[in-house]
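One-letter residues, chain by chain:
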Amino acid sequence: MQRNSNHRKLFTKAFAATAALAAGLIATSALAGETLDKIKARGVIKVGVGTTPGFFSPDSSGRWQGFFVDFGRAIAITVFNDAEKVEFTNSSPQQRLPALQSGEFDILLSGVTQTVSRAFKLGFHFGPVVFYDGQGLLVRKDLGVSKGEELDGATIGVQSGTTGELNIADFFRKTGKAFTPVTIEETGEFLKALDSGRVDALTQDATDLAAKRTQLSKPDDYVLLPERLSKEPLAPAIRAGDDQWLEIVNWTVYATIQAEEFGITKENVDTFLKSEDPAIKRFLGVDPSLGEAIGLDPKFAYNIVKAVGNYGEIFERNVGKGTALNFERGYNQPWTAGGLLYSPPFR
Amino acid sequence: MKRHIQPGPSGPGPVSRLRSWIGPLPLQQGLLFVGVLLLFAFLGQNTADSMHRMGLTPGFAFLSHQANFEIGESLFSYSAGDSYARALGAGIANTIKVAVVGCLLATVLGVALGIARLSGNLLLASLVHGYVELLRNTPLLLQLFLWSAIIHTLPPPRGAYTFLGSVYLSNRGVYLPSLSVEGLPAFIWLSVVALAVLATLVLSRRLFAGSALYLPKSAGAVLGALALCYLTLTSLGFAASVEIPAKGGFNIRGGLSLTPEFAALLIGLVVNASASISEIVRSGIQSVKSGQWEAARALGLKPAQILRLVVLPQALRVITPLMISSFLDLTKNSSLAVAIGYPDLVSVANTTANTTGQVLEAIIIIAAVYLSISLAVSAVMNLYNRRVVLRAEGKR
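Residues numbered from 1 in each chain as written. Chains lettered and ligands numbered in written order. Predicted model: local features only at pLDDT ≥ 70, side-chain atom pairs only at ≥ 80, totals over all residues. Heavy atoms only, no water.

Asker: Explain the overall build of chain A to me, please; I cannot follow it from the model alone.
Answerer: Secondary structure assignment for chain A yields 14 helices and 13 strands. Out of the 347 residues in chain A, the part that is buried amounts to 56%. Nonlocal contacts in chain A, meaning residues at least 24 apart in sequence, comprise 72% of its contacts between residues at least 6 apart. Just so you have it, chain A exposes about 13,800 Å², and 54% of that area is on carbon and sulfur atoms. (Helix = DSSP H or I, 4+ residues; strand = E, 2+ residues; numbered from the N terminus. Buried < 20%, exposed > 50% of the residue type's maximum accessible area, 1.4 Å probe, protein only. Contact = heavy atoms within 4.5 Å. Areas by Shrake-Rupley, 256 points an atom, 1.4 Å probe, with all protein chains shown as cover.)

What follows is the structure, encoded as structure tokens:
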């Protein structure tokens, strides 16, 4: 979800770029361990999030809910063994990176796409990819289209200023097919173009399209094609230079992935405490040697699964089949099920 | 423009001219000038440094690079493999297209409405009054969204309204049979034909003025000119043919098409500008003294003749300068196109800025193009204004 709004207005962008530079100059690079010390002193983790229902949005009582929000809670469990010692703040795509750089946040869980320029030029480090996103195509079901290539000669809505404009042009050039773009800046108009039949398909990051689909007048008439035209790996972002904090983020995410691989869920986690499998014993802290070695609560993985569940549960609860977003797991499955989720061993 | 020169011992001459240009406080003026220069130098240096740090090279070299994005509609052929310069050219052409057609239609509609407002018919006058108030007191962007929504309610291509089997009306646009000349782009032969017709019209007005059967003679001349154009083209080896649109694939193909975005933007701009133009026309007509009407009526002229021969020529003195700003408004307002999906200059420049990171250059290009268009429009209109203005000194 970097982009669509990433590019709204030229001036905003120019301003944000300048702000990012200024922030980069002012903020001295964080020293190892500094972030965790600050968090411990403050007693709460500050997390920057976005606003897309399913991924991050406050519910009717003002409590933040969503896929990325759950990972924020999981990190709070690793640090404090308390899922509530975390504070979520909405930050716009233009503002979030400068805000992280200047110390306003300890971590961004706002669906930042991991890129080389963000790592080298802007000074950010990324945790493990928590969501493999990519540019998708949202089409009317009755067109009978199952993949992008079949859209030869179609009219496709693109939200202006996005990398989506380039990806869709590349895609059709590569396949030797033709299309007509209708490039619209305003989100409401963008959706109306599909709703009214002005365009045959919309293209945009798949997560965004899944959320937008729910805003159409008849969501069930539309289908998000499984094909992805680009890579958008969404990962937690932190300031570069704090190895300890990075590892805490890394292993919190890995714990949810590893739990799913083991088949450990929120419901059945207690039954696994009696498991004879040495790997599971280490993972859940029944065998405390691993925890002692790494300086974390030996039971942090158990606590995370007990409180928020494994990766699959987090996914299904927030964006999966039963939800309004109705997202396919796709690449976001454990490697054992043919997906891309892979946790290094807990040993 | 005459510069005001203070009378004094120095008298007119290059030195006093320079002095009057600098003003009565030369030292302060000089300091201010240097200050402004320094400020710009500082801002420029700062910008260049920032861009350097982000790995951007200031400059316009990117214009020759491959653009890699598609544009929905273009007056000349453009595809994703072409350069940024060509993409921006397509955007500029789209802006000029909607501005030129928009100004012409807004003038026609605006003049008609302005005259209707002053007609003795109370119902008509108050309807126009309501129209003008409604349009001038709501935001243009909102009006554009409305027109866009209205056009989107037309049926999709498969259920398009069809007239005579060759005109299609759908939410993908209006499709008309088109004339095409093999091997010649439409805008070349169209402008040649348009020029020929215009020249014939002007000539026939001179030749047949005052003679009987003015209209049939002029029409004959125009038809003759068209036939001549056709014969010249075919004798030069260009085959002209009619292309009829037909349904195919996802869409209707062939023929001349007007996209819904262009239509929505054009209607929105024309309707919006016609409201202010009608007010301008009204005030222009009202500025003509009622004695002129009475005198013309006493001569036995019909109302339409009075308007055309007596009142409008005098009203134009008031109308023309105001029309310039209406035209410029319309042209600049066309940049709202980006919201409803018409690929105008701003839309293309926006994409260019985002894909190249050359935001500053993109803004400079946008500013330069709008400035050039505005200056060109006002230069042409000022030329025209000089023709209609009351020549106070010369004749009277």
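Asker: It is not clear to me how the nonpolar core should be interpreted in this structure. Could you clarify?
Answerer: Generally speaking, nonpolar side chains in soluble globular proteins are found buried as a group. Counting residues in hydrophobic clusters, the biggest one holds 61 residues, and the most contacted among them are Ile45, Phe67, Phe131 and Trp245 of chain A. If one sorts the elements of this core by residue count, helix H3 (residues 67-80) of chain A sits on top with ten residues. Every residue in contact with Ile45 of chain A, bar those within four places of it in the chain, is listed here: Ile39, Ile75, Ala76, Val79, Phe80, Lys85, Val86, Glu87, Asp106, Ile107 and Trp245 of chain A. With 37 residues, the next largest nonpolar core counts Leu140, Phe145, Ala264 and Ala337 of chain B among its residues. (Core = buried A, V, L, I, M, F, W, Y, C linked by side-chain atoms within 4.5 Å.)

Asker: Any chance you could explain a nonpolar patch on the surface here in plain terms?
Answerer: Residue and element names in this part refer to chain B. Side chains of Ile96, Val100, Val101, Leu104 and Leu105 sit close together on the surface and give an oily, nonpolar patch of about 400 Å² of accessible area. Following the sequence through the fold, Leu105 ends up in helix H3 (residues 84-118). The exposure class assigned to Leu105 is partly exposed, which follows from its relative accessible area of 41%. (Patch = residues over 30% accessible without salt bridge, like charges linked within 9 Å, V, L, I, M, F, W, Y side chains within 5 Å. Salt bridge = Lys/Arg side-chain N within 4 Å of Asp/Glu carboxyl O.)

Asker: Could you clarify how one ought to interpret the side chain of Ser274 of chain B in this entry?
Answerer: All names here are of chain B. Considering the arrangement of structural elements, one finds Ser274 in helix H8 (residues 260-286). Looking at Ser274, the relative accessible area reads 0%, which means it is buried. A distance of 2.9 Å separates polar atoms of two side chains, one belonging to Ser274 and the other to Tyr131. (Polar contact = N/O pair within 3.5 Å; in protein donor to acceptor, adjacent residues only side chain to side chain.)

Asker: Would you take a moment to explain the side chain of Ser275 of chain A for this structure?
Answerer: Residue and element names in this part refer to chain A. Counting through the fold element by element, Ser275 comes out in the loop between helix H10 (269-272) and helix H11 (278-284). Of note is the side chain of Ser275, whose polar atom sits 3.0 Å from the backbone nitrogen of Asp277. With residues near it in sequence (within four places) discarded, Ser275 still touches Ile280 and Lys281.

Asker: Looking at this structure, I do not really get the sheet that holds strand E11 (residues 201-205) of chain A. What am I missing?
Answerer: Two orientations exist for strands paired in a sheet by backbone hydrogen bonds: parallel and antiparallel. Residue and element names in this part refer to chain A. Read from one edge of the open sheet, five strands run E10-E9-E11-E8-E12, paired in mixed fashion. In the strand order of this sheet, the two ends are held by strand E10 (179-184) and strand E12 (222-224), each with one partner. Taking each pair of neighbouring strands and ignoring which way they run, the sheet shows an average axis angle of 25°. As paired strands, strand E9 (residues 154-159) and E10 are joined by six bridges and run parallel to one another. Looking across to E10, one finds that Val158 is bridged to Thr183. Against the sheet, helix H8 (residues 206-213) engages strand E8 (135-140), E9, E11 and E12, with an angle of about 130° to E11. (Pairing = 2+ DSSP bridges. Axes fitted to C-alpha atoms, helices over the stretch in contact; angles between N-to-C directions.)

Asker: How should the pattern of salt bridges be read in this particular structure?
Answerer: Think of it this way: side chains of opposite charge can pair up when their charged atoms draw near. Under the defined criterion, the tally for this structure stands at 20 salt bridges over all chains. Measuring nitrogen to oxygen at the nearest pair gives 2.5 Å for the salt bridge that ties Arg317 of chain A to Asp70 of chain A. One end of the pair, Arg317 of chain A, is in helix H14 (residues 311-318); the other, Asp70 of chain A, is in helix H3, and 247 residues separate them in sequence. For Arg317 of chain A, a relative accessible area of 39% corresponds to the partly exposed category. The closest approach of N and O atoms between Glu73 of chain B and Lys97 of chain B, which form a salt bridge, is 3.5 Å. With a gap of 24 residues between them, Glu73 of chain B in the loop between helix H2 (26-53) and H3 and Lys97 of chain B in helix H3 connect regions that are remote in the sequence. Lys97 of chain B gets classed as partly exposed once you look at its relative accessible area, which sits at 22%.

Asker: Help me out: how do you make sense of the confidence of the model for chain A in this one?
Answerer: Interpreting fine coordinate detail is not advised for predicted regions of low pLDDT. Residues and elements named next belong to chain A. Overall, the prediction assigns chain A a mean pLDDT of 86, with 90% of residues at 70 or greater. Predicted confidence for residues 1-8 stays below pLDDT 50, and this span has 40 contacts to residues more than four positions away or in other chains. Low confidence marks residues 21-30, where pLDDT is under 50. Its contacts with residues over four positions away, or in another chain, come to twelve contacts. (pLDDT = per-residue confidence, 0-100.)

Asker: Can you walk me through the packing of aromatic side chains in this structure?
Answerer: For any pair of aromatic rings, the description rests on two quantities: the centre-to-centre distance and the angle between the ring planes. All names here are of chain A. Tallying each qualifying case throughout the model produces 26 aromatic pairs over all chains. With 5.2 Å between their ring centres and 65° between their planes, Phe67 and Phe71 make a pair best called edge-to-face. Taken together, the positions of Phe67 and Phe71, both in helix H3 and four residues apart, correspond to about one turn of that helix. For the pair formed by Phe67 and Phe71, the shared burial category is buried. With 5.9 Å between their ring centres and 50° between their planes, Phe71 and Tyr311 make a pair best called tilted. Here Phe71 is found in helix H3, whereas its partner Tyr311 is found in helix H14, with 240 residues between them in sequence. Taking relative accessible area as the criterion, Phe71 reaches 1% and is therefore assigned buried. Through successive ring pairs, a cluster of aromatic residues spans Phe55, Phe56, Phe67, Phe68, Phe71, Phe131, Tyr311, Phe315 and Phe327. Above the face of the Tyr302 ring, Lys299 is positioned so that its terminal group lies 4.6 Å from the ring centre. (Phe/Tyr/Trp six-rings, centres within 6.5 Å; stacked < 30°, edge-to-face > 60°. Lys NZ or Arg CZ within 6 Å of the ring centre and 35° of its normal.)

Asker: Please clarify how helix H13 (residues 300-308) of chain A should be interpreted in this entry.
Answerer: Residues that lie three or four places apart on an α-helix share one face, since the helix turns once every 3.6 residues. Residues and elements named next belong to chain A. In terms of burial, H13 is largely enclosed, as seven of its nine residues are buried. When we look at burial in H13, the residues that qualify are Phe300, Ala301, Tyr302, Asn303, Ile304, Val305 and Val308. Looking at the packing, one finds that the buried side of H13 touches H3, helix H9 (243-262), H10, H11, helix H12 (289-294) and H14.

Asker: Sorry, what's going on with the environment of Gly322 of chain A here?
Answerer: Within the secondary structure, Gly322 of chain A is located in the segment after H14. It is 26 Å that separates the C-alpha atoms of Gly322 of chain A and Gly188 of chain A, two residues lying 134 residues apart in sequence.

Asker: For this particular structure, what's the right way to read the sheet that holds strand E1 (residues 161-163) of chain B?
Answerer: All names here are of chain B. Strands sit in the order E1-E2-E3-E8 across an open sheet of four strands; the sheet is antiparallel. The strands lining the two open edges of the sheet, one partner per strand, are E1 and strand E8 (256-258). Sheet twist, expressed as the mean angle between neighbouring strand axes with direction ignored, is 15°. Where strand E3 (residues 173-176) and E8 come together, three bridges link them in antiparallel fashion. Bridging across to E8, Val174 finds its partner in Leu258.

Asker: Just checking my understanding: could you explain the confidence of the model for chain B for this structure?
Answerer: All names here are of chain B. Looking at chain B, pLDDT values average 83 and 90% of them are 70 or higher. No element of chain B has a lower mean pLDDT than strand E7 (residues 251-253), which averages 69, and none a higher one than H8, which averages 93. As a predicted assembly, this complex carries a pTM of 0.75 together with an ipTM value of 0.72.

Asker: What exactly am I supposed to notice about unusual backbone geometry here?
Answerer: Outside of glycine, negative phi angles account for most residues, and trans bonds account for most peptide bonds. Although it is not a glycine, Asn81 of chain A sits at a positive phi angle of roughly 55°. Structurally, Asn81 of chain A is set in the loop between H3 and strand E4 (86-90). One non-glycine residue, Asn68 of chain B, adopts positive backbone phi at about 65°.

Asker: I'm lost on the packing of helix H5 (residues 140-152) of chain B against H8 of chain B in this one. Help?
Answerer: Residues and elements named next belong to chain B. Relative orientation of the contacting elements H5 and H8 amounts to 135°, with a least axis distance of 9 Å. Taken together, H5 and H8 sit at an angle that is classed as oblique. Pair H5 / H8 crosses with right-handed handedness. On H8, the residues touching Leu140, Gln143, Leu144, Trp147, Ser148, Ile151 and His152 of H5 are Pro260, Glu261, Ala263, Ala264, Leu265, Ile267, Gly268, Leu269, Val271 and Asn272. (Parallel < 35°, antiparallel > 145°, perpendicular 65-115°, else oblique. Left-handed = near helix turned anticlockwise from the far one by under 90°.)

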